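Coordinates in review
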Amino acid sequence: MNMEINPEMNKNSNELTKKPDQIYLDRLQVEAQQKSNAEDPTIGEKVIREGLQQWPEYIDQELQRFKEQINK
């Protein structure tokens, strides 16, 4: 199951929303986990950074969430 995430998936009424919704953030986490399992954790971090370029204020919290998951 390879879900490529991009900000365009987070459209609402054909316009990008002001912030990413929880579904988008969850899908981004799933993709990051999958890439990390297939390769290494730095790839997962890259997925999150690239997926949140439009919303840099979310990068730190989502990286923290990702790191907590991979350390379980």
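What you see is a predicted model; the values in this text were computed from it and never measured. (Residues numbered from 1 in each chain as written. Predicted model: local features only at pLDDT ≥ 70, side-chain atom pairs only at ≥ 80, totals over all residues. Heavy atoms only, no water.)

With respect to the pattern of salt bridges
If you walk through the whole model with that rule in mind, you get four salt bridges. Note that K35 is salt-bridged to E31, the shortest N-O span being 3.9 Å. Of this pair, K35 and E31 both sit in helix α1 (residues 22-38), separated by four residues, roughly a single helical turn. For K35, a relative accessible area of 22% corresponds to the partly exposed category. Classification of E31 as buried rests on a relative accessible area of 3%. With a closest N to O distance of 3.9 Å, E50 and K46 form a salt bridge. Here E50 pairs with K46, and both are found in helix α2 (residues 41-51), just four residues apart, close to one helical turn. With relative accessibility at 47%, the residue K46 sits in the partly exposed group. (Salt bridge = Lys/Arg side-chain N within 4 Å of Asp/Glu carboxyl O. Helix = DSSP H or I, 4+ residues; strand = E, 2+ residues; numbered from the N terminus. Buried < 20%, exposed > 50% of the residue type's maximum accessible area, 1.4 Å probe, protein only.)

Side note on α2
For α2, the full list of buried residues reads G44, E45, V47, I48 and G51. All buried residues of α2 fall inside an arc of 155 degrees around its axis, so they share one side. Its buried side turned inward, α2 meets α1 and α3 (59-70). (Arc of directions from axis to C-beta. Contact = heavy atoms within 4.5 Å.)

Observations regarding the environment of G51
As for its placement among the helices and strands, G51 is situated in helix α2. Overall, the relative accessible area of 4% leaves G51 in the buried class.

Side note on α3
Its twelve residues give α3 an end-to-end C-alpha distance of 16 Å, which sits within 8% of 16 Å, the value for a rise of 1.5 Å per residue. Buried residues of α3: I59, E62, L63 and F66, and no others. Here the buried residues of α3 occupy an arc of 100 degrees about the axis, which is enough to place them on one side. Elements that come into contact with the buried residues of α3 comprise α1 and α2. (Expected span 1.5 Å × (residues − 1).)

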